[in-house]
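The primary structure of each chain is shown beneath.
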Amino acid sequence: MTSMQPVTCAECGARVGVHKRNSQHTAVQWHGDAVERCKWFQVARAAGERSAAGTLSCYALCASIEEAVQDGSIRLHDDGAPGYSGIGSMEEAVGADSPP
């Protein structure tokens, strides 16, 4: 995916890559450090989950992404690429080699 823009969670400091097409489509690219910092992933791991994909999205990160859109830190990309709505999974993070 192209046009990833960095966003840092205001609650835990996890830094992820975000591709935002519109209010309904957000792609999040997780990296190892972000997975370790994110409280949402910590809760999933503590519950014995290998993936947090089936759990509720991290509200703190979602709020940070929305704030970044509102203040212009990240811009919307209506590029016609297939979208994905929601927060990424641990499996996505495993292959990521560097933060945005």
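Our subject in this report is the structure included herewith. Going along each chain's sequence as written, the residues are numbered from 1 onward. Residue-level local features of this predicted model are given only where pLDDT is at least 70; pairs of side-chain atoms are given and counted only at 80 or more, and the full residue set underlies all totals for whole chains, interfaces and linings. Each side-chain value is worked out from all heavy atoms of the structure, with water and hydrogens disregarded.

**Quick word on the overall build of the chain**
In step 1: Helical segments are the DSSP runs of H or I of at least four residues, strand segments are the runs of E of at least two, and each set is numbered from the N terminus. Along the backbone of the chain there are four helices and three strands.
In step 2: Each helix and strand of the chain, ordered N terminal to C terminal, gives the series β-β-β-α-α-α-α.
In step 3: Think of it in three bands: residues with accessible area under 20% of the maximum for their type are buried, residues over 50% are exposed, and the middle band is partly exposed, with areas taken using a 1.4 Å probe on protein chains only. For the chain, buried positions account for 38% of its 100 residues.
In step 4: Of the contacts formed within the chain by residues at least 6 apart in sequence, a portion of 64% connects residues at least 24 apart.
In step 5: Accessible surface is estimated by sampling points in the Shrake-Rupley manner with a 1.4 Å probe; for residues, cover comes only from the protein chains shown. On the chain, roughly 5,700 Å² of surface is accessible, and the fraction owed to carbon and sulfur atoms is 51%. Note on definitions: a residue-residue contact is assigned when non-hydrogen atoms from the two residues lie within 4.5 Å.

**Some details on helix α3 (residues 59-70)**
In step 1: Given the number of residues in a helix, its expected span is that number minus one, multiplied by 1.5 Å. Look at α3: 16 Å from first C-alpha to last across twelve residues, which is about the 16 Å you get at 1.5 Å a residue.
In step 2: All buried positions along α3 are accounted for by Ala60, Leu61, Ser64, Ile65 and Ala68. Down the axis of α3, the smallest arc covering the buried residues is 140 degrees, so these residues share one side. Projecting away from the buried face of α3 at angles above 90 degrees are the exposed residues Tyr59, Glu67 and Gln70.
In step 3: If you follow the buried residues of α3, they end up packed against β1 (5-8), β2 (15-22) and β3 (25-29). Read the arc as the range of directions from the helix axis to the C-beta atoms.

**A word on the packing of aromatic side chains**
In step 1: Centres within 6.5 Å are what make two rings of Phe, Tyr or Trp a pair, Trp counting through its six-membered ring; a difference in plane orientation under 30 degrees is then read as stacked, over 60 as edge-to-face, and the rest as tilted. A complete count under the given rule lists three aromatic pairs for this structure.
In step 2: Both rings, one in Trp30 and one in Phe41, keep their centres 4.5 Å apart while their planes meet at 90 degrees; by these two values the pair is edge-to-face. Of this pair, Trp30 sits in the loop between β3 and α1 (32-37) while Phe41 sits in helix α2 (residues 39-46), and the two are eleven residues apart along the sequence.
In step 3: On the numbers, 4.6 Å between centres and 55 degrees between planes, the contact of Trp40 with Phe41 is tilted.

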